[in-house]
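# Reading the structure
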Amino acid sequence: MNYIIIDLEWNNAYNYAKKTGMNEIIEIGAVKLNDSLIIEETFKQLVKPQFSKKISSHCKKLTHITIDELKNGIPFVEAMKDFRRWCGDDFVLLSWSTSDLYALADNFKKLWSIDEITFIKKYADVQKYCQSYIESENTNQISLSNCAEKFGITIEEELHRALADCVLTAKCFKHVYDKDNFKQYIHNCDKDFFCKLLFKSYYISSPVDNGFDLYGLSFECPLCTQQLKVKKDFEFLNNTFCSSGYCKSCKKHFRIAVRAKQNYNEIVISKKIYPLKRKKTRKSNVNIKN
Ligand SMILES: [Zn+2]
């Protein structure tokens, strides 16, 4: 079984005719590692964009890829057929963070109408694995270059080109590779895996929806923890259900704000209860014209 490290460069493109955006893949780089984690073969392919004819300034700055250069590329579908052939059958796909895998799945869906990339059977996130070897209080995802620096690996090539990033990812991976420990990071890529990958979390906007019931929620007084009497007419504003409640014991009104976020397999509900500020009474020292 081989490990294949993939790295993609993408252009954050907007299509005005379709009124939608996507991260369109413009370069694919990959390296195939043997059992000793030595690079056996490399893959490099420019992809001719079909979604947008412009390269965003961010992408240009990062990758230095020009639209002229991309004219030598091949369409995404052709590039992926070549890549699939190059991969062979028995491999674990690796990438630095899941964002490349997400972009890959999204490009398959939008440019090829395919929801499940069936030739990818196993996947692992090398960033997550490498980060487990770095002691840090910072839980933010570490960049590839920072990780290399922590591991004392010299960066030889300019990064943010697909193949150079793969080579450096391979070096970081090799630096901390432990076959048994790494097993737990490998996911089976079934239909559920890709559904989860492509799922976009959203805020629920309807009071009763798919297992969520706004009217079934209870709200505690933040001062005495007794149940508030809630006004049922919630308003939906800025992804938030808003209403007010009254505490009989404290004789106080409260503002209630509820957000329900639909994740792939759970709904996360957050409730906020604030004391309701009284409306300012009109000041008595108003000048009254005689
Ligand atoms: Zn109370």
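Sequence positions are assigned chain by chain, starting from 1 and proceeding in written order. Predicted model: local features are reported for residues with pLDDT of at least 70 only, side-chain atom pairs are reported and counted for 80 or more only, and whole-chain, interface and lining totals are derived from all residues. Remark: hydrogens and water are excluded; side-chain values derive from all non-hydrogen atoms of the structure.

Quick look at the coordination of the zinc ion now. Any N, O or S atom lying within 2.8 Å of the metal counts as a donor, with the limit raised to 3.2 Å for Na, K and Ca; because water is left out of the atom set, some sites can appear incomplete. Looking at the zinc ion, one finds its protein donor set to be C221 (SG), C224 (SG), C247 (SG) and C250 (SG), positioned 2.2 to 2.3 Å from the metal centre. Geometry assignment treats four donors as tetrahedral when all angles are between 85 and 135 degrees, treats four as square planar and six as octahedral when opposite donors are over 155 degrees apart and all others between 65 and 115, and treats everything else as irregular. For the zinc ion, the 4 donor atoms are set out with angles of 103 to 114° between them, so the coordination reads as tetrahedral. The sequence motif formed by the donor residues of the zinc ion is C-x2-C-x22-C-x2-C. Here C224 is found in the loop between β9 (212-213) and β10 (229-230), whereas its partner C247 is found in strand β12 (residues 240-247), with 23 residues between them in sequence. C224 sits in the partly exposed class, given a relative accessible area of 26%. The numbering of helices and of strands both runs from the N terminus, where a helix is a DSSP run of H or I of at least 4 residues and a strand a run of E of at least 2. The classification of residues rests on relative accessible area computed with a 1.4 Å probe and restricted to protein chains. Under 20% of the type maximum is buried, over 50% is exposed, and intermediate values are partly exposed.

For a regular strand, side chains alternate in direction, first toward one face of the sheet and then toward the other. The buried fraction of strand β1 (residues 2-15) amounts to 10 of the 14 residues, a majority that puts the element mostly inside the structure. One requirement defines pairing of two strands: DSSP has to find at least two bridges between them. Sheet topology places β1 next to strand β4 (residues 91-95); 4 bridges connect them, and they run parallel. By the bridge assignment for β4, I5 is matched with L94. Once β1 ends, the chain turns through 4 residues before running back antiparallel as strand β2 (residues 20-33), passing K19 with a positive phi of about 50°.

Within the open sheet, the 6 strands sit side by side as β3-β2-β1-β4-β5-β6. Their pairing is mixed. Of all the strands in the sheet, the pair left with one neighbour each is β3 (39-46) and β6 (187-188). When β1 meets β2, the two strands line up antiparallel, connected through 13 bridges. Paired with W10 across the strands is I25, a residue of β2. Helix-sheet contacts for helix α3 (residues 76-87) involve β1, β2, β3 and β4, and the interaxial angle to β2 is about 25°. The criterion used for residue contact is that any of the two residues' heavy atoms lie within 4.5 Å. In this analysis an axis means a line fitted to C-alpha atoms, helices contributing only their contacting stretch, and an angle means the value between N-to-C directions, from 0 to 180 degrees.

This next bit is on the confidence of the model for the protein. Scored from 0 to 100, pLDDT reflects the predictor's confidence in each residue. When pLDDT is averaged across the protein, the result is 90; 96% of the residues are at 70 or more. Below a pLDDT of 50 lies the segment residues 284-290, which in the model reaches 0 contacts outside its immediate sequence neighbourhood of four places, other chains included.

Here the focus is the packing of aromatic side chains. Only Phe, Tyr and Trp rings are paired, with Trp represented by its six-membered ring, and only when their centres lie within 6.5 Å; those with planes under 30 degrees apart are stacked, over 60 edge-to-face, the remainder tilted. Considering all chains together, one arrives at 27 aromatic pairs under this definition. When the centroid spacing of 5.3 Å and the interplanar angle of 70° are considered together, the rings of F43 and F83 count as edge-to-face. Here the residue F43 occupies a position in strand β3, and F83 occupies one in helix α3, the gap between them amounting to 40 residues. Summarising the burial analysis for this pair, F43 and F83 share the class buried. Summarising the aromatic geometry, the rings of F182 and Y185 are spaced 6.3 Å apart at their centres and angled 15° between planes, so their arrangement reads as stacked. When sorted by exposure, F182 lands in the same class as Y185, which is buried. Counting every residue linked through ring pairs, the aromatic cluster contains Y3, Y129, Y133, F173, Y177, F182 and Y185. For K32, the ring lying beneath its charged end belongs to W86, and the centroid distance is 4.7 Å. Lysine NZ or arginine CZ positioned within 6 Å of the ring centre and within 35 degrees of the ring normal marks a charge as sitting over the ring. Seen from the ring of F219, K271 lies directly overhead, with NZ or CZ sitting 5.3 Å from the centre.

With that settled, the discussion passes to the pattern of salt bridges. For this document, the term salt bridge refers to a Lys or Arg side-chain nitrogen within 4 Å of an Asp or Glu carboxyl oxygen. Counted according to the given criterion, the structure contains 9 salt bridges. The shortest N-O distance in the salt bridge between K32 and E41 comes to 3.5 Å. The class of E41 is partly exposed, set by a relative accessible area of 35%. With a shortest N-O distance of 3.5 Å, K171 and E156 are connected by a salt bridge.

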